[in-house]
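# Examination of the molecular architecture
Residue strings, one per chain:
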Amino acid sequence: MQAFRVTSQRRAELYHWFTALFAAPLSKDDLNDFGGYDMHRFLDSLATLDPLTEATEAFRQQAEQAQHDALAGRYQALTASPSLLDTQHLSEASQDNLLLMSMLLKQHGTGLADDDPLHVCNQLEMMGTLAMTAAEAGDEKGRLALLDQQRELANTLLIDWLPAFVTRCSERDHNGFYAAAAALLQAVFIMDLHYLNNVAE
């Protein structure tokens, strides 16, 4: 049970981190943090996992080279019409899937101002919220129900738009910070999907 809690907390940290990367333009202080010890230690921990090594090092390189002014322009390119943060431009979600996300938002909420169920960051934030809530669940029934919600969200919504998101981030920010961040997100998600579908119980 302790291992489950630690893993869930780590997963939540990752999803919340990716939410922060894409939810708003990064400030100068945010960028300065990328050069700090804590960020290097965080990225080092990701790079030790073989499926994440290449994507992590590519992101680290872009983060070290990022400049505030240039990065603001790259973020604007992502959100220019049609915004890549709106999943309706990346895939066609079914009514059942939209209902699922709407119910999760109503049940758990997010820390984001926009509660659009089709917003990339709301779905990433929800994965983190569900993982953290599962880590804190006091009974097995509640924990398993939260795992089922994570599986359903990952297997029906995120898996549907994420490949297109990565491709289009690369097109709009060729070899740039956000392209590298999206590629790292996909690598992490593939590992997480395997965990949810084959390991977590």
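Residues numbered from 1 in each chain as written. Predicted model: local features only at pLDDT ≥ 70, side-chain atom pairs only at ≥ 80, totals over all residues. Heavy atoms only, no water.

## Focus on the layout of surface pockets
The space that makes up the largest pocket amounts to roughly 260 Å³. If you go around the largest pocket, you meet 13 residues; those closest to its centre are Arg-10, Arg-11, Leu-14, Leu-49 and Met-191. Looking at the lining of the largest pocket element by element, the count peaks at 5 residues for helix H1 (residues 2–23). Of the residues in the lining of the largest pocket, the class split is 8 nonpolar, 2 polar and 3 charged. For the second largest pocket, the calculated volume is near 160 Å³. Lining the second largest pocket are Arg-10, Glu-13, Trp-17, Asp-38, Met-39, Arg-41, Phe-42 and Ser-45. Listing elements by their share of the lining of the second largest pocket, those giving two or more residues are H1 and helix H3 (37–47). A total of 5 residues in the lining of the second largest pocket trace back to one element, the largest contributor, which is H3. (1 Å grid on protein atoms, 1.4 Å probe; cavity = no way out; pocket = protein on both sides within 12 Å on 5 of 7 lines; lining within 4 Å. Points joined across faces, edges and corners; volume = space filled by probe spheres on them. Helix = DSSP H or I, 4+ residues; strand = E, 2+ residues; numbered from the N terminus. Nonpolar A, V, L, I, M, F, W, Y, C, P; charged D, E, K, R; others polar.)

## Details of the pattern of salt bridges
Evaluated as defined, the whole model comprises 8 salt bridges. For Arg-60, the salt bridge goes to Asp-44, with nearest N and O atoms at 2.8 Å. Taken together, the residues span a long stretch of sequence, with Arg-60 in helix H4 (residues 50–65) and Asp-44 in helix H3 at a distance of 16 residues. Owing to a relative accessible area of 9%, Arg-60 belongs among the buried residues under this scheme. Across the salt bridge formed by Glu-57 and Arg-60, the nearest N and O atoms sit 2.9 Å from each other. On the criterion of helical spacing, the pair formed by Glu-57 and Arg-60 is a turn pair, its members being 3 residues apart in helix H4. Salt bridges linked by common partners bring Asp-44, Glu-57 and Arg-60 together as one network. (Salt bridge = Lys/Arg side-chain N within 4 Å of Asp/Glu carboxyl O. Buried < 20%, exposed > 50% of the residue type's maximum accessible area, 1.4 Å probe, protein only.)

## Re the environment of Leu-147
As for its position among the elements, Leu-147 is in helix H8 (residues 140–172). Here Leu-147 falls in the buried class, since its relative accessible area comes to 0%. Between the C-alpha atoms of Leu-147 and Thr-129, which are 18 residues apart in sequence, the distance is 11 Å.

## Brief notes about the confidence of the model for the chain
Per-residue confidence for the chain gives a mean pLDDT of 93; residues scoring 70 or more make up 100%. The least confident element of the chain, judged by mean pLDDT, is helix H2 (residues 28–33) at 88; the most confident is helix H9 (residues 177–199) at 97. (pLDDT = per-residue confidence, 0-100.)

## Details of the packing of H1 against H3
Running from amino to carboxyl end, H1 crosses H3 at an angle of 115°, the nearest separation of the two axes being 13 Å. At the point where H1 passes H3, the crossing takes the left-handed sense. On H3, the residues that touch Arg-10, Glu-13, Leu-14 and Trp-17 of H1 are Met-39, Phe-42, Leu-43, Ser-45 and Leu-46. Broken down by class, the residue content of the contact of H1 with H3 amounts to 6 nonpolar, 1 polar and 2 charged. (Axes fitted to C-alpha atoms, helices over the stretch in contact; angles between N-to-C directions. Left-handed = near helix turned anticlockwise from the far one by under 90°. Contact = heavy atoms within 4.5 Å.)

## Points about the nonpolar core
Counting residues in each nonpolar core, the largest one holds 63 residues, and the members touching the most others are Trp-17, Leu-21, Phe-22, Phe-34, Phe-59, Phe-165 and Phe-177. Secondary structure elements with two or more residues in this core: H1, H3, H4, helix H5 (68–79), helix H6 (95–108), helix H7 (120–136), H8 and H9. The greatest single-element share of this core, amounting to 13 residues, is contributed by H9. Excluding residues within four positions of it along the chain, Phe-22 makes contact with Tyr-75, Leu-78, Leu-85, Cys-121, Phe-165, Tyr-178, Ala-181, Ala-182 and Leu-185. (Core = buried A, V, L, I, M, F, W, Y, C linked by side-chain atoms within 4.5 Å.)

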